[in-house]
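As a plain string of letters, each chain reads:
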Amino acid sequence: VWYHKPAINEELLQSLPNLKVVASAGVGIDHLDLKLLSSYGVKVSNTPFVVSTDTADMGMALMLASSRRLVEGHEMAVSPDTEYFPVDWLGVEVSGATLGILGMGKIGYKVAERAKAFEMKILYHNRNQRNKEEESAVGAIYCKKIDDLLQQSDFVLLAATLTPQTHKMIGKRELELMKPTATLINISRGLIVDQDALVEALQNKVIKAAALDVTYPEPLPRDHPLLKLKNVIITPHIGSATKKTRWVMMEEMAESIEAGLAGLPIPREVL
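Keep in mind the model is a prediction, meaning the values are calculated, not measured. (Residues numbered from 1 in each chain as written. Predicted model: local features only at pLDDT ≥ 70, side-chain atom pairs only at ≥ 80, totals over all residues. Heavy atoms only, no water.)

The subject of this paragraph is the pairing of strand β7 (residues 183-186). Both faces of β7 are covered, namely the face carrying Thr183 and Ile185 and the face carrying Leu184 and Asn186. The sheet contact formed by strand β6 (residues 155-158) and β7 spans 4 bridges and is parallel. Its bridge partner being in β7, Leu158 is matched across the sheet by Asn186. Handedness of the crossover joining β6 and β7 through helix α8 (residues 172-177): right-handed. Crossover handedness for the path β7 to helix α9 (residues 195-203) to strand β8 (residues 209-212): right-handed. (Buried < 20%, exposed > 50% of the residue type's maximum accessible area, 1.4 Å probe, protein only. Helix = DSSP H or I, 4+ residues; strand = E, 2+ residues; numbered from the N terminus. Pairing = 2+ DSSP bridges. Right-handed = clockwise from strand over helix to strand, strands pointing away.)

The next subject is the UniProt feature "domain: D-isomer specific 2-hydroxyacid dehydrogenase catalytic" (unreviewed entry) in the protein chain. In the numbering used here, UniProt assigns the "domain: D-isomer specific 2-hydroxyacid dehydrogenase catalytic" (unreviewed entry) feature to residues 2-270. In residues 2-270, helix accounts for 36% and strand for 13%; the two terminal C-alpha atoms are 16 Å from one another. (UniProt positions renumbered as here; feature names shortened; annotations may be inferred.)

Now for α9. All of the buried residues in α9 are Gln195, Ala197, Leu198, Val199, Ala201 and Leu202. Here the buried face of α9 lies against α8, β7, β8 and β9 (232-234). Measuring from the backbone nitrogen of Asp196 back to the side-chain oxygen at the start of α9 gives 3.2 Å, which picks out Asp194 as the cap. Lys205 sits one or two residues past α9 and shows a positive phi near 60 degrees. (Contact = heavy atoms within 4.5 Å. Polar contact = N/O pair within 3.5 Å; in protein donor to acceptor, adjacent residues only side chain to side chain.)

Within the secondary structure layout, Ile101 lies in strand β3 (residues 98-102). Given the relative accessible area of 0%, Ile101 is considered buried. Spatially, the C-alpha atom of Ile101 lies 24 Å from that of Lys230, the residues being 129 residues apart in sequence. In contact with Ile101, not counting residues within four places along its chain, are Gly108, Val111, Ala112, Ile122, Leu123, Tyr124, His125, Leu149 and Leu157.

Below, the discussion takes up the packing of helix α3 (residues 52-67) against helix α5 (residues 106-117). Where α3 contacts α5, the axes come no closer than 8 Å and their chain directions differ by 50 degrees. It follows that α3 is oblique to α5 by the angle criterion. The way α3 lies across α5 gives a crossing that is right-handed. Counting all contacts with α3, which are made through Ser52, Thr53, Thr55, Ala56, Asp57 and Met60, the residues of α5 involved are Lys106, Ile107, Lys110, Val111, Arg114 and Ala115. Residues belonging to the contact of α3 with α5 are distributed by class as follows: 5 nonpolar, 3 polar and 4 charged. (Axes fitted to C-alpha atoms, helices over the stretch in contact; angles between N-to-C directions. Parallel < 35°, antiparallel > 145°, perpendicular 65-115°, else oblique. Left-handed = near helix turned anticlockwise from the far one by under 90°. Nonpolar A, V, L, I, M, F, W, Y, C, P; charged D, E, K, R; others polar.)

This part is about helix α10 (residues 243-261). Along its 19 residues, α10 runs 27 Å from first to last C-alpha, staying within 8% of the 27 Å computed at 1.5 Å per residue. All buried positions along α10 are accounted for by Thr245, Met249, Glu252, Met253, Ser256, Ala259 and Gly260. Along the long axis of α10, the arc covered by the buried residues comes to 130 degrees, so they all point the same way. Across from the buried face of α10, at angles greater than 90 degrees, the exposed residues are Lys243, Lys244, Trp247, Glu258 and Leu261. Buried residues belonging to α10 abut β1 (21-23), β2 (43-45) and α3. Positive phi appears at Gly263, one or two residues downstream of α10, with a value of about 75 degrees. (Expected span 1.5 Å × (residues − 1). Arc of directions from axis to C-beta.)

See the structure below:
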């Protein structure tokens, strides 16, 4: 399964009576019905570890690009209409700012490691608090309540897994808790954010900006209002899109398939 295709539904499973394993690329499994697959005796694997470094890099890239207005700056620099660069064309600081990470799993923690080098104050919210050694290593402070993180952060980065509990976790109420100078960064799944509420918040300057590697659907309809806003950067779900990582993902998927067909324990099996 690559980019959630083909769709693994009951019709497909009934047509493949000898199916033993579904190997899915990436870490997210929200596109798979694990109970349905289990009922057919089909095992599932993914590639959770290899994607974390590149996706964390992408999170930092989006934060920097948005804060320093790189896309707008490039457009200005190459525009045939540009005669001079305005001196009051300014971005905002990343170094020393407060970063709130929602979802401190493998990816979120790697973002924190990178943010530490920028001397950022790091807050995080997670289902489970990290141990003191892990927190100390990156200088992260646990927020038991999401609201506390949202109210204090200059940048809110989403790295949570999409589950029924995190579906549209960031909605109108949460966006209104954020600072009007804050930026929302999403490197997880589009459906973690109520997209209509996000459009409204950006249009009304409830928050300053958004930088999104994920949306719903993907790609967005060409007339979607998010595509028309100057304070939004959107990339085409490329968190893990480097040559090395995609190669290793394919290798890991092949290993899982071979093990499943041979009746051996499946590396990176999703239980």
